[in-house]
Amino acid sequence: MKRLKVSCRFPGAPSMEKIGRIGQETGMPYNDEQKKVFEIFGHGGVAALTGYPGTGKTTVINGLIRYYAEACPDAGILLCAPTGRAASRAGEVSGKEGLTMHKAMKRKPFDSGARRQEPLDYDFIIVDEMSMCDTELFACFLSSVKSGTTVLLAGDPDQLPSVGPGQVFRDLIGSGVIPVFRLTQLVRQDEASGMAKNARTALAGEPIREYRDFKISLCGEGEPVVDRVIREAEAFPSMPLVLSPVKKGECGVFELNRKMQERFKKTDDPIWINGVRFYAGDPVIMTHNNYEYGYYNGEAGTLVRAEGGILCISLPGRMLALEISDASEMALAYAVTIHRAQGTEADFCITVLPEEACHMASGELLNTAFTRAKTGAAVVATRRALGRYGEAEPAQRDCALPGMLAEMAG
């Protein structure tokens, strides 16, 4: 990071008038917090952009890309993310292709970190969903960035931490080593949104509450949780995304998918793939990156039909055709884990809080789950489980990075 700061080259921060023009042209006028982020072009180097979901990080990123492309038309701009779904989502909302960090470096997942990385030949790099980036991936990525590049790390440090070791984004924000732009004003979700309020409440370790758009549904004594989930799903205007912290068990996504499919399937002519039944109309999710066929891990869509051994899957903005023999990397998506849902959003969500998974409870888990919903949400749990999750402590990881960053700051 010192290397990038010392060698920085930047076009200079735009005037307020120019920022206002960009906002008007994109149809999303910027508030004062968002305008301040454009200061990154006045100093270059590495900076962080953070804020709760709904505070307009993506809106700002789109404006930054637009300005940089105008100011430096021959410059290379990279938009990337730690996971395929997050990269795809970033591309969908920005109109610019999003790559995984691995693909940008031409590095396969699980490659040894000792292997020399190919330099990233870009002048402005944006890494979205940085909370999902682990220590090794970030170290490899940073070493690949050429001197003089401006790097913006964007995300929410209060989302679930990376699957791999470390809590890189949180440690960088707390280090004081890099400039941090914080967005606090909600623009995607109304300030009165129950999802937004309960997300912040969960992070503070306080009990969640019911709101107009957020329901708490408590299971009766002996009532199967999955039955209550189906009842709540039937009450939403459209099919909600069901979220659970676990894959197995009565409240795991495997069982939830099976029961939800039984209730909501639209046909009686199944296709069997790896021992799982799929029906036309089922929501599905891709479970690996496949660049040959053009889909990402975590990309969700709908199985439209199966004819002549070919599956037609509707993904955001396009139709994917796969031979059944090539569809082993597809799973049902009536329900997904909260970890897999990170970086995505749906109109309606139901979060299941299983008693047997109380050890996984954290404010970050609930914050991630609640902020997946744009319009309405519900929580299904027993009274005991709801109390246990409400008492969750913030997630903590002991890492060596803060000490290293403190030495750098000194």
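Residues numbered from 1 in each chain as written. Predicted model: local features only at pLDDT ≥ 70, side-chain atom pairs only at ≥ 80, totals over all residues. Heavy atoms only, no water.

J.: I'm lost on the pattern of salt bridges in this one. Help?
T.: Taken as a whole and judged by the stated rule, the model has 21 salt bridges. With a shortest N-O distance of 3.0 Å, Asp121 and Lys146 are connected by a salt bridge. With a gap of 25 residues between them, Asp121 in the loop between helix 6 (101-104) and strand 4 (124-127) and Lys146 in the loop between helix 7 (135-144) and strand 5 (150-155) connect regions that are remote in the sequence. Since its relative accessible area comes to 60%, Asp121 is described here as exposed. Two residues, Arg263 and Glu234, come together in a salt bridge whose shortest N-O distance is 2.6 Å. Highlighted residues: Arg263 in helix 11 (residues 253-264) and Glu234 in helix 10 (residues 225-235), separated in sequence by 29 residues. Given a relative accessible area of 40%, Glu234 falls into the partly exposed group. (Salt bridge = Lys/Arg side-chain N within 4 Å of Asp/Glu carboxyl O. Helix = DSSP H or I, 4+ residues; strand = E, 2+ residues; numbered from the N terminus. Buried < 20%, exposed > 50% of the residue type's maximum accessible area, 1.4 Å probe, protein only.)

J.: Would you take a moment to explain the sheet that holds strand 2 (residues 77-81) for this structure?
T.: Strand pairing within a sheet occurs via backbone hydrogen bonds; the two strands may be parallel or antiparallel. Judged by pairing direction, the sheet is parallel, and its 6 strands sit side by side in the order 3-2-4-5-1-6 without closing on themselves. With partners counted over all chains shown, the strands left at the sheet margins are strand 3 (98-100) and strand 6 (180-183), one partner each. Between one strand axis and the next, the sheet turns through 25 degrees on average, direction left out of account. Relative to strand 6, strand 1 (residues 46-51) is paired through 4 bridges, and the arrangement is parallel. Counted as the bridge partner of Thr50 is Arg182 from strand 6. (Pairing = 2+ DSSP bridges. Axes fitted to C-alpha atoms, helices over the stretch in contact; angles between N-to-C directions.)

J.: Help me understand the pairing of strand 8 (residues 241-244) in this model?
T.: It is a general feature of regular strands that their side chains alternate between the two faces of the sheet. Side chains Leu241 and Leu243 project from strand 8 onto one buried face, and the interleaved Val242 and Ser244 project onto a second face that is buried too. With 3 bridges connecting them, strand 8 and strand 16 (residues 335-337) associate as parallel partners. Each bridged residue has a counterpart across the sheet, and for Leu243 the counterpart in strand 16 is Val336.

J.: Please clarify how the packing of aromatic side chains should be interpreted in this entry.
T.: Any pair of aromatic rings gets described here by the distance separating the centres and the angle formed by the planes. All chains considered together, the criterion is met by 7 aromatic pairs. Between Phe236 and Phe348, the ring centres sit 5.2 Å apart and the planes meet at 40 degrees, which makes this aromatic pair tilted. Here the residue Phe236 occupies a position in the loop between helix 10 and strand 8, and Phe348 occupies one in strand 17 (residues 346-352), the gap between them amounting to 112 residues. When its relative accessible area of 16% is taken as the criterion, Phe236 is described as buried. (Phe/Tyr/Trp six-rings, centres within 6.5 Å; stacked < 30°, edge-to-face > 60°.)

J.: Looking at this structure, how should I read the environment of Leu137?
T.: Mapped onto the elements, Leu137 comes out in helix 7. Classification of Leu137 by relative accessible area gives buried; the value is 7%. Here Leu137 is in contact with Pro82, Met101, His102, Met105 and Arg107, once residues within four sequence places are set aside. (Contact = heavy atoms within 4.5 Å.)

J.: What's the story with helix 8 (residues 168-175) in this structure? I'm lost.
T.: For an α-helix the count is 3.6 residues per turn, leaving residues at separations of three or four pointing the same way. Counting buried residues along helix 8, 6 of its 8 residues qualify, which places the element largely inside the surrounding structure. The complete set of buried residues in helix 8 reads Val168, Phe169, Asp171, Leu172, Ile173 and Ser175. The positive-phi residue at the C-terminal boundary of helix 8 is Gly176, with phi of around 80 degrees.

J.: Even after reading the chapter, I still don't get the environment of Pro224, so can you show me in this structure?
T.: Tracing the chain through its elements places Pro224 in the loop between strand 7 (214-218) and helix 10. Sequence separation of Pro224 and Leu320 is 96 residues, and the distance between their C-alpha atoms is 37 Å.

J.: Just checking my understanding: could you explain the sheet that holds strand 16 for this structure?
T.: Spatial ordering of the open sheet is given by 7-18-17-8-16, a layout of 5 strands whose pairing is parallel. Since the sheet does not close on itself, it has two edges, and those belong to strand 7 and strand 16, each with one partner. Pairs of neighbouring strands in the sheet enclose a mean axial angle of 25 degrees, with direction left out of account. Taken together, the 3 bridges between strand 8 and strand 17 define a ladder with parallel strand orientation. Bridge pairing in strand 17 links Leu243 to Thr351. Across the sheet, helix 9 (residues 194-203) lies against strand 7 and strand 18 (373-381), angled at about 55 degrees from strand 18, the strand it touches most. Against the sheet, helix 14 (residues 383-390) engages strand 7 and strand 18, with an angle of about 120 degrees to strand 18.

J.: Teacher, can you tell me more about the packing of helix 2 (residues 16-26) against helix 4 (residues 57-71) here?
T.: Packed helices, taken two at a time, are described by their axes: the angle between them and the distance between them. Closest axis-to-axis distance for the helix 2/helix 4 pair is 10 Å, and the angle between their directions is 115 degrees. In this structure, the crossing between helix 2 and helix 4 has a hand that is right-handed. Contact residues: Lys18, Arg21, Ile22, Glu25 and Thr26 in helix 2; Gly63, Arg66, Tyr67 and Glu70 in helix 4. (Left-handed = near helix turned anticlockwise from the far one by under 90°.)

J.: It is not clear to me how the pairing of strand 14 (residues 318-323) should be interpreted in this structure. Could you clarify?
T.: Across 6 bridges, strand 13 (residues 310-315) lies against strand 14 in antiparallel orientation. Opposite Leu315, over in strand 14, you have Arg318 as the bridge partner. Counting the residues between successive antiparallel strands, the hairpin from strand 13 to strand 14 contains 2 residues, one of them, Gly317, with a positive phi of roughly 80 degrees.

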